[in-house]
Amino acid sequence: MRVILLGPPGAGKGTQAGRIAATYAIPHISTGDILRANVREGTELGKQARTYMDAGELVPDDVILGMVGIRLAEPDATEGFLFDGFPRTVPQAEALEQLLIERGQPLDAVLRMIVDTREVVQRLTGRRTCRACGAVKHMVYDPPEVEGVCDKCGGELVQRDDDAEDVVLNRLEVYRRSTEPLEEFYWGRGLLRDVEAVGSVDEVGERIDAILRDVA
Ligand code: AP5
Ligand code: ZN
């Protein structure tokens, strides 16, 4: 199974990706997660990426494509994968298409997660992420048992730097400008499938399962 999750910041891509990856036993490849790990570890890549991320701007295509090429060469990604947050620009989508042609591995589907702007702003400004294990919670929609403490590992739940409201609004604008054109790109290739991404996490997950059962 080779799938892309497309949708604005806060659409619930990361939340659903974890479930899909487990169900289909494919790696969940989140360019945002890889970048944040590099920032945490203070690598050269992380230092380069941080300024863009903190401002809610996109990291340059060549940096992202280099990173994805390395990730796709790992043994767990030889057959299937689930991309979350990649591609995000038409040049990234074209480069991925070329790479997959070379590998003889066409995509099965691009799932477009549809949520309105008000809802994503609420989801993002209320999101809290575990500093230690990366688990994601929400102050209202999915609160932890003890405020500020990760249910899974006891680590500290913090707000992502780019979840401050002004940065969120810029990320949404960047999405509209740079990533929305991918909808047409994949529609033209017959790959785009719409997912109504409001409702409970389980409800959205069931809608996704129904589509994936159909394309698998
Ligand atoms: P990235 O990490 O990819 O962020 P994003 O696309 O903005 O997506 P998010 O992680 O914010 O949202 P999500 O859709 O995963 O939502 P989640 O499931 O957490 O990118 C960050 C930055 O890295 C970019 O700005 C850029 O700088 C850089 N970058 C990354 N990839 C790049 C690329 N390819 N090219 C260039 N630059 C790149 O859910 C959100 C909240 O809602 C959570 O609190 C969750 O609990 C809650 N929630 C989820 N589902 C539901 C539901 N059904 N009902 C109620 N609440 C829900
Ligand atoms: Zn944790």
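Residues numbered from 1 in each chain as written. Chains lettered and ligands numbered in written order. Predicted model: local features only at pLDDT ≥ 70, side-chain atom pairs only at ≥ 80, totals over all residues. Heavy atoms only, no water.

If you look the protein up in an unreviewed UniProt entry, it shows as Adenylate kinase from Egicoccus halophilus. Quoted verbatim from the Sequence similarities (unreviewed entry) field of UniProt, the annotation for the protein is "Belongs to the adenylate kinase family." Quoted verbatim from the Catalytic activity (unreviewed entry) field of UniProt, the annotation for the protein is "AMP + ATP = 2 ADP". (UniProt positions renumbered as here; feature names shortened; annotations may be inferred.)

S.K.: Just to check I follow, could you spell out unusual backbone geometry for this structure?
M.R.: Comment: phi is negative for the bulk of residues other than glycine, and the bulk of peptide bonds are trans. Phe86 connects to Pro87 through a cis peptide bond whose omega is -10 degrees. With respect to the element layout, Pro87 can be found in the loop between β3 (81-84) and α5 (90-103). The phi dihedral of Ala25 falls on the positive side, at around 50 degrees, and the residue is not glycine. Tracing the backbone shows Ala25 in the loop between α1 (13-24) and β2 (28-30). (Helix = DSSP H or I, 4+ residues; strand = E, 2+ residues; numbered from the N terminus.)

S.K.: How should I be thinking about the pattern of salt bridges in this particular structure?
M.R.: Once the charged atoms of two side chains with opposite charge are near each other, the side chains can pair. Inspection of the entire model under this criterion finds 20 salt bridges. Across the salt bridge formed by Arg160 and Asp162, the nearest N and O atoms sit 2.9 Å from each other. As far as the burial class goes, Arg160 and Asp162 line up, both buried. By sharing partners, the salt bridges in this structure join Arg127, Arg160, Asp162, Asp163 and Arg171 into a single network. (Salt bridge = Lys/Arg side-chain N within 4 Å of Asp/Glu carboxyl O. Buried < 20%, exposed > 50% of the residue type's maximum accessible area, 1.4 Å probe, protein only.)

S.K.: Sorry if this is basic, but what is going on with the sheet that holds strand β6 (residues 136-138) here?
M.R.: The pairing of strands in a sheet comes from backbone hydrogen bonds and takes either a parallel or an antiparallel form. In spatial order, the strands read β6-β5-β7; together these three strands make up an open sheet with antiparallel pairing. This sheet does not close on itself; its edge strands, each paired only once, are β6 and β7 (157-158). One ladder, built from two bridges, connects strand β5 (residues 127-130) with β7; its direction is antiparallel. When the bridges of β7 are listed, Cys130 appears paired with Leu157. Against the sheet, helix α6 (residues 117-125) contacts β5 and β6, and its axis sits at roughly 35 degrees relative to β5. (Pairing = 2+ DSSP bridges. Contact = heavy atoms within 4.5 Å. Axes fitted to C-alpha atoms, helices over the stretch in contact; angles between N-to-C directions.)

S.K.: What am I meant to see in the coordination of the zinc ion (ligand 2) here?
M.R.: Working reference: metal with six octahedral donors, ideal angles 90 or 180 degrees; metal with four tetrahedral donors, ideal angle 109.5 degrees. Only Cys130 (SG), Cys133 (SG), Cys150 (SG) and Cys153 (SG) from the protein coordinate the zinc ion (ligand 2), and they sit 2.3 to 2.4 Å from it. Mapped onto the sequence, the residues coordinating the zinc ion (ligand 2) show the spacing C-x2-C-x16-C-x2-C. One end of the pair, Cys133, is in the loop between β5 and β6; the other, Cys153, is in the loop between β6 and β7, and 20 residues separate them in sequence. Relative accessible area serves as the criterion here: at 41%, Cys133 is assigned to the partly exposed category. With a relative accessible area of 41%, Cys153 lands in the partly exposed category. (Donors = N, O, S within 2.8 Å, 3.2 Å for Na, K, Ca; no water.)

S.K.: Please explain the environment of Pro91 as it appears in this structure.
M.R.: Position of Pro91 among the secondary structure elements: in helix α5. Relative accessible area serves as the criterion here: at 43%, Pro91 is assigned to the partly exposed category.

S.K.: How should the nonpolar core be read in this particular structure?
M.R.: Within soluble globular proteins, side chains that are nonpolar tend to cluster in buried spots. Counting 27 residues, the largest nonpolar core has Leu72, Phe83, Leu96, Leu107, Val110 and Tyr186 as the members making the most contacts within it. Sorting the residues of this core by element identifies β1 (2-6), α3 (44-55), α4 (61-72), β3, α5 and α8 (181-187) as the ones contributing at least two each. Contacts of Tyr186, omitting those with residues within four sequence positions, involve Ile4, Pro87, Ala93, Leu96, Leu107, Val110, Leu191 and Leu192. Of all hydrophobic cores here, the second largest spans 24 residues; its members include Ala11, Ile20, Leu124 and Val195. (Core = buried A, V, L, I, M, F, W, Y, C linked by side-chain atoms within 4.5 Å.)

S.K.: Would you mind showing me how to read the packing of α4 against α5 here?
M.R.: Between α4 and α5, the least distance of the axes is 10 Å, while the angle of their chain directions is 25 degrees. Here α4 lies roughly parallel to α5, going by the angle between them. Of the two elements, α4 crosses α5, and the hand of that crossing is right-handed. Residues Asp61, Ile64, Leu65 and Leu72 of α4 pack against Pro91, Gln92, Ala95, Leu96, Leu99 and Arg103 of α5. Grouping the constituent residues of the contact of α4 with α5 by class yields seven nonpolar, one polar and two charged. (Parallel < 35°, antiparallel > 145°, perpendicular 65-115°, else oblique. Left-handed = near helix turned anticlockwise from the far one by under 90°. Nonpolar A, V, L, I, M, F, W, Y, C, P; charged D, E, K, R; others polar.)

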